[in-house]
Amino acid sequence: MSSSPAVLLIGGLTHSNKEWEALSSKYKLLEFRKGTRAEFLENCKSGKYNSVRGCYRSNMSVSVTGPFNQELIAALPDSWKFIAHNGAGYDNVDVDACSARKIAVSSTPVAVDDATADIGIFLMLGALRQAHVPLVALREGRWKGNSKIGHDPRGKVLGILGMGGIGRAMAHRARSFGMEIIYHNRRRLDPSLEGGAKYVSFDELLAQSDVFSLNLALNAQTRHIISAAELAKTKPGVVIVNTARGALINEADLVSALESGHVSAVGLDVYENEPEIHPGLVKNEKAFLLPHLGTSTIETQRDMELLVLKNLEAAVDRGEMLTLVNEQKGLDWAPKQANF
């Protein structure tokens, strides 16, 4: 169908190849599963993508094209109006550059909520119970090793910075452990979404949290939102949990606070310069660490891929998106909200 709109797959699919192929009934399917940034830019320049209306891309596809920064966005043809991104975080997409060209961007916030919150609770419990030492000792044949006694979550205050879908899912799980929930957002949630959580200022969140969980997006405004000054405002003995993006925290400052004892433990799934991890975290027995496993389940990965395809389909067919990124909501040219 030469007159059909074209859509481009960038990078690979694992769980939804059949659904992607089914779209050939109404779209011209193009693929750039492997290659280099130079090859991709040459394809844009040569006119190979001149009929593309939108694309599927992911955080993993950075290894193929590099980030969707201003240089790459500027190279996209005029026909390209939609970027359906696989990932709750989209810091490798320059949304401002996209908005300047009226290119709409979607992400996958809903599909990742449960799996990421599960990992957050796992990290919180591991940090509270100082689980790293006995886990290592057990595998080395030293039974509990030099284990330290830990803490219960019951009665503790969980402070959530970023009460979106993941933050609310984390709060829902934490309530079953008898925790009190406080949170801070740019704006207070509708009370119907709070579930009994208390809205507080940023400084109050820092001062009152026994466990401090980061559940917000990384952008220019939130990079290093937690540094030495903010850590100094936290309770002595606070536990820090991060399942969002590593660069929300100044990692060197976190290591200093951990080594001083002001931060009693951390549970981290993300790192400032991953896959590199600050050596002060790796060697610290009070650091309970995972290698960015937040959404690493078969069910969640499939749900994410399908949501991206649904966003792409709604965009090309009807000029709508299910999960438009927050920065573009309300812009006069932005796609309408599609229904799930």
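Draft legend 1. Broad picture of the sheet that holds strand 4 (residues 82-86). Taken in spatial order, the 5 strands of this open sheet run 2-1-3-4-5, and their pairing is parallel. Of all strands in the sheet, those with a lone pairing partner are strand 2 (28-32) and strand 5 (104-106), marking the two edges. Across the sheet, the mean angle separating the axes of adjacent strands is 20° when strand polarity is ignored. Contacts between helix 14 (residues 298-318) and the sheet are confined to strand 1 (6-10), strand 3 (52-58), strand 4 and strand 5, with strand 4 contributing the most and set at about 170° to the helix.

Draft legend 2. Highlighting the nonpolar core. Formed by 29 residues in total, the largest nonpolar core has its most connected members in F212, L214, I226, I240, V263 and V266. In terms of residue count, the dominant contributor to this core is helix 12 (residues 251-260) (4 residues). Filtering out sequence-adjacent residues up to four positions away, V263 remains in contact with L231, V238, I240, A257, L258 and K286. Listed in part, the 26 residues of the second largest apolar core include I119, L123, I160 and M163.

Draft legend 3. Layout of the packing of aromatic side chains. Per the counting criterion, the structure on display carries 7 aromatic pairs. Judged by centre distance (6.2 Å) and plane angle (45°), the ring pair of F40 and F68 falls under tilted. Note that F40 is positioned in helix 2 (residues 37-46) and F68 in the loop between helix 3 (62-65) and helix 4 (70-75), a separation of 28 residues in sequence. Taking relative accessible area as the criterion, F40 reaches 0% and is therefore assigned buried. Among the aromatic residues, those joined into a ring-pair cluster are F32, F40, Y49, F68 and W80. A cation over an aromatic ring shows up here: R57 above the ring of F68, its NZ or CZ 4.7 Å from the ring centre.

Draft legend 4. Spatial organisation of the packing of helix 6 (residues 113-128) against helix 8 (residues 165-175). Following both chains from N to C, one finds helix 6 and helix 8 inclined at 50°, their axes separated by 8 Å at the closest point. Of the possible angle classes, the one that applies to helix 6 and helix 8 is oblique. The two elements helix 6 and helix 8 cross, and the hand of that crossing is right-handed. Contacts between helix 6 and helix 8 involve D113, D114, T116, A117, D118, G120 and I121 on the former and, on the latter, G165, I166, A169, M170, R173 and A174. Considering only residue class, the contact of helix 6 with helix 8 consists of 6 nonpolar, 3 polar and 4 charged.

Draft legend 5. Region of interest: the environment of Y271. Mapped onto the elements, Y271 comes out in the loop between strand 11 (263-268) and helix 13 (279-282). Remark: the alpha-carbon pair of Y271 and A244, spanning 27 residues in sequence, is separated by 9.3 Å. With near-sequence residues (within four places) excluded, Y271 lies in contact with G246, A247, E251, E276, I277, L281, L289 and L290. At 3.0 Å, the side chain of Y271 forms a polar contact with the backbone oxygen of L268.

Draft legend 6. Spotlight on the sheet that holds strand 9 (residues 211-214). As summarised here, the arrangement of the 7 strands in space is 8-7-6-9-10-11-12, forming an open sheet in which the pairing is parallel. The sheet is open, and its two borders are formed by strand 8 (198-199) and strand 12 (287-289), each paired with just one other strand. Across 5 bridges, the pairing between strand 6 (residues 157-161) and strand 7 (residues 180-184) is parallel. Along strand 7, the bridge assignment pairs L158 with I181. The strands touched by helix 8 within the sheet are strand 6, strand 7, strand 9 and strand 10 (238-242), with strand 6 carrying the most contacts at an inclination of about 170°.

Reading guide: rules and limits
Residues numbered from 1 in each chain as written. Predicted model: local features only at pLDDT ≥ 70, side-chain atom pairs only at ≥ 80, totals over all residues. Heavy atoms only, no water. Pairing = 2+ DSSP bridges. Helix = DSSP H or I, 4+ residues; strand = E, 2+ residues; numbered from the N terminus. Axes fitted to C-alpha atoms, helices over the stretch in contact; angles between N-to-C directions. Contact = heavy atoms within 4.5 Å. Core = buried A, V, L, I, M, F, W, Y, C linked by side-chain atoms within 4.5 Å. Buried < 20%, exposed > 50% of the residue type's maximum accessible area, 1.4 Å probe, protein only. Phe/Tyr/Trp six-rings, centres within 6.5 Å; stacked < 30°, edge-to-face > 60°. Lys NZ or Arg CZ within 6 Å of the ring centre and 35° of its normal. Parallel < 35°, antiparallel > 145°, perpendicular 65-115°, else oblique. Left-handed = near helix turned anticlockwise from the far one by under 90°. Nonpolar A, V, L, I, M, F, W, Y, C, P; charged D, E, K, R; others polar. Polar contact = N/O pair within 3.5 Å; in protein donor to acceptor, adjacent residues only side chain to side chain.

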